[in-house]
Amino acid sequence: MGWRWEVFIAPGSALFVLPLVALLGVVLATGDRSARGPVLRWWCVVAVAVALVAASKIAFYGWGTGIHAWDLTCFSGHTVMALAFWPVALALLVPPRRRAWRRAATVIGFACGLLVGISRIHLGAHPASEVLAGTLLGGAAAACGLHALRHHRWPPVPTVLTGLACLLVAAWLSRHPAPTLPSERWLAAIGTALASRDVPVDRHRWRHEAPSSRDRNMSLPR
């Protein structure tokens, strides 16, 4: 029996990850004043990662930027989101003094993020090069978040409630399609408008044409 790669869509979706980043950050900062600065730094790191993903996609849809030899057009957003969040979220379930257990939780978080990245390849959403680029960016964001919050942990009760809510959502998603934001179309529309194009650059045609002919009008990728 093969893997159901669709179940890994939600753990890397901005629709789910960004609210969790906001919620858990507020819970931590509210329960521990000393955590407010580190939480803000973590939020800034995630915001920068999101901005870089968006910029890479806008640039491609508008101007056809990328590296043909690597089949690289942008960062895989799901991979970046998953790696920026899950290693930090799981590590902070463990008290800082339990270093071995915290490292184990961090490794599990990275494994979750990598599974999200691999699923993007199997689902045909991104080539391996874009998942690798997303892994590097998301891994860097995770490292910054882990460093900023290295002396903190989630408050037990709110975190348990949040975990139970996530489990319920995961159980529901295992039987239903994961809802998604039409962010790809939004970014394509922004890139098209900024580049004064009629339609956005098409990824599939871009792969098979010479760089000098990229400026032809093309249809929106699937």
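Residues numbered from 1 in each chain as written. Predicted model: local features only at pLDDT ≥ 70, side-chain atom pairs only at ≥ 80, totals over all residues. Heavy atoms only, no water.

Thoughts on the overall build of the chain
Check the secondary structure of the chain and you find 8 helices and 0 strands. Order of helices (α) and strands (β) in the chain, N terminus to C terminus: α-α-α-α-α-α-α-α. Taken over 222 residues, the chain has a buried fraction of 43%. Within the chain, contacts between residues at least 6 apart in sequence are counted, and of these 72% link residues at least 24 apart. With the model as given, the accessible surface of the chain reaches about 12,000 Å², and the carbon-plus-sulfur share is 69%. (Helix = DSSP H or I, 4+ residues; strand = E, 2+ residues; numbered from the N terminus. Buried < 20%, exposed > 50% of the residue type's maximum accessible area, 1.4 Å probe, protein only. Contact = heavy atoms within 4.5 Å. Areas by Shrake-Rupley, 256 points an atom, 1.4 Å probe, with all protein chains shown as cover.)

Here we look at the pattern of salt bridges
All chains considered together, the criterion is met by 3 salt bridges. The salt bridge partner of glutamate 184 is lysine 57, with a shortest N-O separation of 3.0 Å. Taken together, the residues glutamate 184 in helix 7 (residues 183-194) and lysine 57 in helix 2 (residues 36-63) connect sequence positions 127 residues apart. With relative accessibility at 27%, the residue glutamate 184 sits in the partly exposed group. Lysine 57 gets classed as buried once you look at its relative accessible area, which sits at 8%. Where aspartate 71 meets arginine 207, a salt bridge forms, and the shortest distance between an N and an O atom there is 2.9 Å. With aspartate 71 in the loop between helix 2 and helix 3 (77-91) and arginine 207 in the segment after helix 8 (203-206), the pair connects residues that are 136 residues apart, well separated along the chain. (Salt bridge = Lys/Arg side-chain N within 4 Å of Asp/Glu carboxyl O.)

Let's talk about a nonpolar patch on the surface
Together, Val26, Leu40 and Trp43 line one region of the surface with nonpolar side chains, adding up to about 260 Å² of accessible area. With relative accessibility at 31%, the residue tryptophan 43 sits in the partly exposed group. (Patch = residues over 30% accessible without salt bridge, like charges linked within 9 Å, V, L, I, M, F, W, Y side chains within 5 Å.)

Considering helix 7
Helix length check: helix 7, at 12 residues, gives a terminal C-alpha distance of 16 Å against a target of 16 Å (1.5 Å per residue), a fit within 8%. Leu187, Ala188, Gly191 and Thr192 are the residues of helix 7 that are buried. For helix 7, the angular spread of buried residues about the axis comes to 135 degrees, placing them on one side. Among the exposed residues of helix 7, those pointing more than 90 degrees away from its buried face are Arg185, Ala193 and Leu194. The secondary structure elements touched by the buried residues of helix 7 are helix 2. Where helix 7 terminates, the next one or two residues include serine 196, which has phi positive at roughly 60 degrees. (Expected span 1.5 Å × (residues − 1). Arc of directions from axis to C-beta.)

So, the packing of aromatic side chains
Evaluation of the coordinates by the stated rule reveals 6 aromatic pairs. Between tryptophan 5 and phenylalanine 8, the ring centres sit 5.8 Å apart and the planes meet at 40 degrees, which makes this aromatic pair tilted. Through a chain of ring-to-ring contacts, three or more aromatic side chains come together here, namely Trp42, Phe85, Trp86 and Trp154. (Phe/Tyr/Trp six-rings, centres within 6.5 Å; stacked < 30°, edge-to-face > 60°.)

What to know about the environment of leucine 137
Locating leucine 137 in the fold gives a position in helix 5 (residues 128-148). Distance in space between the C-alpha atoms of leucine 137 and alanine 84 is 8.3 Å, their sequence separation being 53 residues. Excluding residues that lie within four positions of it along the chain, leucine 137 makes contacts with Ala49, Leu52, Val53, Phe75 and Val80.

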